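# A closer look at the structure
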Amino acid sequence: MLVTLRELLTKADAGNYAVGAFNSPTLESARAAMEAAEELQAPVILSHAEVHNEIVPLEVMGPILVDFAKKASVPVAVHLDHGSHLEIVKQAIEIGFSSVMIDASQMSYEENVRTVKEVVQYAHQHGVSVEAELGVLTSSGIGGEETKGGNAIPLNEPEDYYTDPVLAKDFVERTGIDALAASFGTVHGIYITEPNLDFERLRSIYGNIQRPVVMHGGSGLSREDYVKAIRCGVRKINYYSYAAKAGAHAIKAYIDQTANLFYHDFTVVAKEAIKNDVKKAVEIFTLQGGANSEEGRI
Ligand SMILES: [Zn+2]
């Protein structure tokens, strides 16, 4: 069933777990996330990133995601990821999305507040949840292009771009958002160096805002890091790059082993590989609820 992000994350907060948000720029990735959630009977978030409009436009993929959510036996939020302006937010809401992210984190603080407030006003009138970002989430440069521009500037000191816990409280109070995307050491894309997360900062942010925290760049971390982050207040984990990589590697192996190649077979191979990767993520984020601290990268 289609539910709002607020509803999903309120339950996650009460149960001390996180819900995985999976970008779905192809039919295979959307089906993989949906089948994983159905098989595990776990809630899930299907996301469309604005920047993925270049792969498949929102007006093509959006209705499919909403339809999948409505027919699902598990709670599903359909979410716009990194929306850059009110017009695309309106478009997503018109299609039936139950959640939107407005990313004005590249603007000045006051501009960010003003932009987000405007989106919250519109979205809440339509019964739709809002996620916004404070601080800057950088990209490793390999994959992870779901944000537009901005991240090319080299930022040296974490203080330059990590989320300030005091400012976070002000931001949430003034904008009325339902969830906050915070920067505390994760990056978009494939990790080149070992991630080093600032859990103390995360704990302070969550304590100050009393709202669910969203982790972007959430694929490629160790199991231990996920568990710690969930214990510190992360309730939504954006997971994409490593699932997309798993799909690509499976296709490559299939091509290497198969004489007669047909494109439609690639989609089946990719869907299964993405589904298996997503299932591992959902098991850690949602079903184990942060209970298992066993090491292991997924
Ligand atoms: Zn992101």
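Here goes a summary of the coordinates provided. Starting from 1, residues in each chain are numbered consecutively following that chain's sequence as written. Local features in a predicted model are, by the rule used here, given only for residues with pLDDT of at least 70; side-chain atom pairs are given and counted only at 80 or more, and totals for whole chains, interfaces and linings are based on all residues. Side-chain calculation: all heavy atoms of the structure are included, whereas hydrogens and water are not.

We now examine the coordination of the zinc ion. Each metal's donors comprise the N, O and S atoms found within 2.8 Å of it (within 3.2 Å for Na, K or Ca). Water is not part of the atom list, so some coordination spheres may appear incomplete. Binding of the zinc ion to the protein goes through His82 (NE2), His188 (NE2) and His216 (ND1), at separations of 2.0 to 2.1 Å. Site description for the zinc ion: donor spacing in sequence, H-x105-H-x27-H. Taken together, the positions of His82 in strand S3 (residues 76-83) and His188 in the loop between strand S6 (179-182) and helix H8 (199-209) put the pair 106 residues apart, joining distant regions of the chain. Here's how the labels work: a residue is buried when its accessible area is under 20% of the maximum for its type, exposed when over 50%, partly exposed in between, all with a 1.4 Å probe on protein chains only. Taking relative accessible area as the criterion, His82 reaches 4% and is therefore assigned buried. A helix here means a DSSP run of H or I that spans at least four residues, while a strand means a run of E at least two residues long, and both kinds are numbered starting from the N terminus.

Every α-helix winds through 3.6 residues per turn, so residues three or four apart in the chain are directed the same way. The span expected for a helix works out to 1.5 Å for each residue beyond the first. The terminal C-alpha atoms of helix H5 (residues 109-125) lie 24 Å apart, and with 17 residues this matches the ideal 24 Å at 1.5 Å per residue to within 8%. Where the residues of H5 are buried, they touch helix H4 (86-95), strand S4 (99-102), strand S5 (129-134) and helix H7 (165-175). Positive backbone phi, at 70°, marks Gly127, one or two positions downstream of H5. Two residues qualify as a contact provided that any one of their heavy atoms is within 4.5 Å of a heavy atom in the partner residue.

All right, on to the pairing of strand S2 (residues 44-49) then. Regular strands place their side chains on alternate faces of the sheet. Most of S2 sits inside the fold, with six of its six residues counted as buried. Burial along S2 is two-sided: Val44, Leu46 and His48 and Ile45, Ser47 and Ala49, pointing in opposite directions, are all buried. We call two strands paired when DSSP finds no fewer than two bridges between them. Both strand S1 (residues 19-23) and S2 contribute to a ladder of three bridges, which runs parallel. Opposite Phe22, over in S2, you have Leu46 as the bridge partner. With helix H2 (residues 27-40) bridging S1 and the parallel S2, this β-α-β connection has right-handed handedness. Here S2 pairs with S3 via six bridges, running parallel. Bridge pairing in S3 places His48 opposite Leu80. A crossover links S2 with its parallel partner S3, the connecting element being helix H3 (residues 58-71), and its sense is right-handed. Here, the term right-handed applies to a crossover whose path from the first strand over the helix to the second runs clockwise when the strands point away from the viewer.

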